[in-house]
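Geometric and topological summary
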Amino acid sequence: MSGHAMSGFDAPVRRWQDIPGWFQWRSAQEEAVAHFGDGARFVEVGCYLGKSICSLAEAVRVGGRDIAILGVDTAQGSGPEGRGATNAHGPAVEHGGGTFAGTLHRNVISCGLADSVQLLISDSVAAARLFDDESFAWIHIDARHDYPSVCADIAAWAPKVRRGGWLSGDDYDDYQWPGVVGAVSDALPDAQRWWSTQWRWIKP
Ligand SMILES: C[S@@+](CC[C@H](N)C(=O)[O-])C[C@H]1O[C@@H](n2cnc3c(N)ncnc32)[C@H](O)[C@@H]1O
């Protein structure tokens, strides 16, 4: 959150590290890029201002892979959530007059990744309905973190993962985000903790 105050939403962006956000799971992205080969398709559900998806696209580029990357976000923020009912994305939504879609898109372009990342401004569940089952190698969920929302995201996107592919998510933290841990435990009992605060389910 301090990143917002320091840089502002209109501050120049040249690389993903310049983008405001809380992203810290680069190792998971690097593992996915190394694991999946050319022709794979990845989805990130919940992009905010693009920090994590621009990192992913850069990791794909550095890895020399031909992997399509789709980002899905309402660009309207998650609203108040978490222990303090913090509206973490609210300032960015307000800054854009009700949407941060322009800032997200600007950041992707500014990182030189417009050819690597496709953005879909949509609700998560509505977006999932657009795609065939088993059409993605890796889908990462980082949208709203309450129990019903994570359950709905898992139900919508799990069928879209191909066999041997990964469904994962951020903020697997029982203290900060009990809804995430509860939803994953109930919907995907075979899921495992992955890296520091991620969860991952490998589709049989
Ligand atoms: C935690 S942020 C994503 C952070 C980003 N992955 C990163 O690490 O830089 C959560 C995002 O989910 C989006 N979101 C919340 N509910 C959503 C929904 N139902 N469908 C799509 N996006 C949603 C919010 O707009 C917000 O941008």
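The name given to the chain in an unreviewed UniProt entry is Class I SAM-dependent methyltransferase, and the organism recorded there is Mycobacterium deserti.

Moving on, we get to the pattern of salt bridges. Opposite charge on two side chains lets them pair, provided their charged atoms get close. With the rule as written, the count across this model stands at eight salt bridges. Of the charged contacts in the structure, one is a salt bridge between arginine 26 and glutamate 30, with a shortest N-O distance of 3.0 Å. Taken together, the residues arginine 26 and glutamate 30, both in helix H2 (residues 26–35) and four residues apart, mark about one turn of the helix. According to the relative accessible area criterion, glutamate 30 is partly exposed, its value standing at 40%. Via salt bridges that share partners, Arg26, Glu30 and Glu58 belong to a single interconnected network.

This brings us to the site of the ligand. The environment of the ligand is made up of 19 residues, and the closest members are Gly46, Asp73, Asp123, Ser124 and Asp142. The contact in question runs from a nitrogen atom of the ligand to an N or O atom on the backbone of threonine 74, over 3.3 Å. Between the ligand and the protein, one listed contact pairs a nitrogen atom with a backbone N or O atom of serine 124 at 2.8 Å. Relative to its unbound accessible surface of 610 Å², the ligand loses 91% to contact with the protein. Of the residues in the shell around the ligand, the class split is five nonpolar, eight polar and six charged.

How each quantity is defined
- Residue positions are counted from 1 within each chain, in the order its sequence is given.
- For a predicted model such as this one, the threshold for reporting local features is a pLDDT of at least 70, and the threshold for listing and counting side-chain atom pairs is 80 or more; totals across whole chains, interfaces and linings nevertheless cover every residue.
- Note that the side-chain values use all heavy atoms of the structure and ignore hydrogens as well as water.
- Think of a salt bridge as a Lys or Arg side-chain nitrogen and an Asp or Glu carboxyl oxygen that are within 4 Å of each other.
- To qualify as a helix, a DSSP run of H or I must reach at least 4 residues; to qualify as a strand, a run of E must reach at least 2; elements of each kind are numbered from the N terminus.
- The cut-offs for exposure are 20% and 50% of the maximum accessible area for each residue type, with area from a 1.4 Å probe on protein chains only; residues under the lower value are buried, those over the upper are exposed, and the others partly exposed.
- Put simply, a residue is near a molecule or strand once any heavy atom of it comes within 4 Å of that molecule or strand.
- Any pair of N or O atoms that falls within 3.5 Å is considered a polar contact. Within protein, one atom must be able to donate a hydrogen and the other to accept it, and sequence-neighbouring residues count only if both atoms are side-chain atoms.
- To be clear on the numbers: accessible area is Shrake-Rupley with a 1.4 Å probe, and residue cover counts the displayed protein chains and nothing else.
- Only Asp, Glu, Lys and Arg are considered charged in this grouping, and only Ala, Val, Leu, Ile, Met, Phe, Trp, Tyr, Cys and Pro are considered nonpolar; every other residue, Gly among them, is considered polar.

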